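Single-letter residue listing:
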Amino acid sequence: MNRENNRRGSQAVEFALLFPVFMVLVFGGLDYSWYILQRYTAMDVVSAGCRAGAITGVDPFADPPAAAQIAILERAENSMLKCGTEVCTVTIEEMEGYSPSTKQIQCTLEAPSMILSGFIPGMPDRVTAKSVWPIEPFTNHELLEELGY
């Protein structure tokens, strides 16, 4: 028997043993990268929406938490998260700021995560992002006096 004929079979066995490991690493890396992209998208959506609500504080008739919630949901629907009001949870809290005269809003978004291949067990099925912005104070007190406030 020739020695090269025996080596051909060993190469096929090595390939059969290493190929599944290689595939798990490749598809696992893709799944993890996809999750990280969704997470950063959610953080961008929440930060921009929360800021949009915070800057409405310069209008004395605006409601910053309601404006932030609307802005976050609009941005989330137009992003890769593709979530509406029934699958995404948006929580807005108005709280005291760093000084007694200021306020800030804390915005939280919880959205479902899409998994590409499922090769990594235990990947989170939800993406959560949080952002805090100070509410811009209304400074035109003369206008308020004219309006009777």
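This text gives an overview of the structure that appears in the document.

1. Section: the overall build of the protein
Assigned secondary structure in the protein consists of three helices and three strands. Within the structure as shown, the protein displays about 10,000 Å² of accessible surface, and the carbon and sulfur contribution to it stands at 58%.

2. Some thoughts on the sheet that holds strand S2 (residues 103-112)
Reading across the sheet, the three strands line up as S1-S2-S3 and stay open at both edges, with antiparallel pairing between neighbours. Each edge of the sheet is formed by a strand with only one pairing partner; in this case those strands are strand S1 (89-96) and strand S3 (126-134). In this sheet, adjacent strand axes meet at a mean angle of 15 degrees when their direction is disregarded. Examined bridge by bridge, S1 and S2 share eight bridges and lie antiparallel to one another. Bridge pairing links Thr-89 to Glu-110 in S2. Packing of helix H2 (residues 64-77) onto the sheet brings it into contact with S1 and S2, and relative to S1 it is tilted by some 150 degrees.

3. Considering the state of the cysteines
Scanning the entire structure with this criterion turns up one disulfide. Note on cysteine connectivity: Cys-50 is disulfide-linked to Cys-107, with sulfurs 2.3 Å apart. With the S-S bond torsion at 75 degrees, the cross-link from Cys-50 to Cys-107 turns out right-handed. In this pair, Cys-50 is assigned in helix H1 (residues 3-54) and Cys-107 in strand S2, connecting sequence segments 57 residues apart. For Cys-50, a relative accessible area of 0% translates into the label buried.

4. So, the nonpolar core
Core analysis: the biggest nonpolar cluster contains 23 residues, and Ile-72, Ile-92, Ile-105, Cys-107 and Leu-109 have the highest contact counts within it. Elements with a minimum of two residues in this core: H1, H2, S1, S2 and S3. It is H1 that contributes the most residues to this core, six residues altogether. Discounting chain neighbours no more than four positions away, the residues touching Leu-109 are Ala-42, Val-45, Val-46, Ile-72, Leu-81, Cys-88, Thr-89, Val-90, Val-127, Thr-128 and Ala-129.

5. Considering the pattern of salt bridges
Summed over the entire model, instances satisfying the criterion amount to two salt bridges. Between Lys-103 and Glu-96 there is a salt bridge, and its shortest N-O distance comes to 3.3 Å. Overall, the relative accessible area of 36% leaves Lys-103 in the partly exposed class. Classification of Glu-96 as partly exposed rests on a relative accessible area of 47%. Of the charged contacts in the structure, one is a salt bridge between Glu-110 and Arg-126, with a shortest N-O distance of 2.9 Å. Within this pair, whereas Glu-110 is found in strand S2, its partner Arg-126 is found in strand S3, the two being separated by 16 residues in sequence. Overall, Glu-110 belongs to the partly exposed group, its relative accessible area being 32%.

The rules behind the values
Residues numbered from 1 in each chain as written. Predicted model: local features only at pLDDT ≥ 70, side-chain atom pairs only at ≥ 80, totals over all residues. Heavy atoms only, no water. Helix = DSSP H or I, 4+ residues; strand = E, 2+ residues; numbered from the N terminus. Areas by Shrake-Rupley, 256 points an atom, 1.4 Å probe, with all protein chains shown as cover. Pairing = 2+ DSSP bridges. Axes fitted to C-alpha atoms, helices over the stretch in contact; angles between N-to-C directions. Contact = heavy atoms within 4.5 Å. Disulfide = S-S within 2.5 Å. Buried < 20%, exposed > 50% of the residue type's maximum accessible area, 1.4 Å probe, protein only. Core = buried A, V, L, I, M, F, W, Y, C linked by side-chain atoms within 4.5 Å. Salt bridge = Lys/Arg side-chain N within 4 Å of Asp/Glu carboxyl O.

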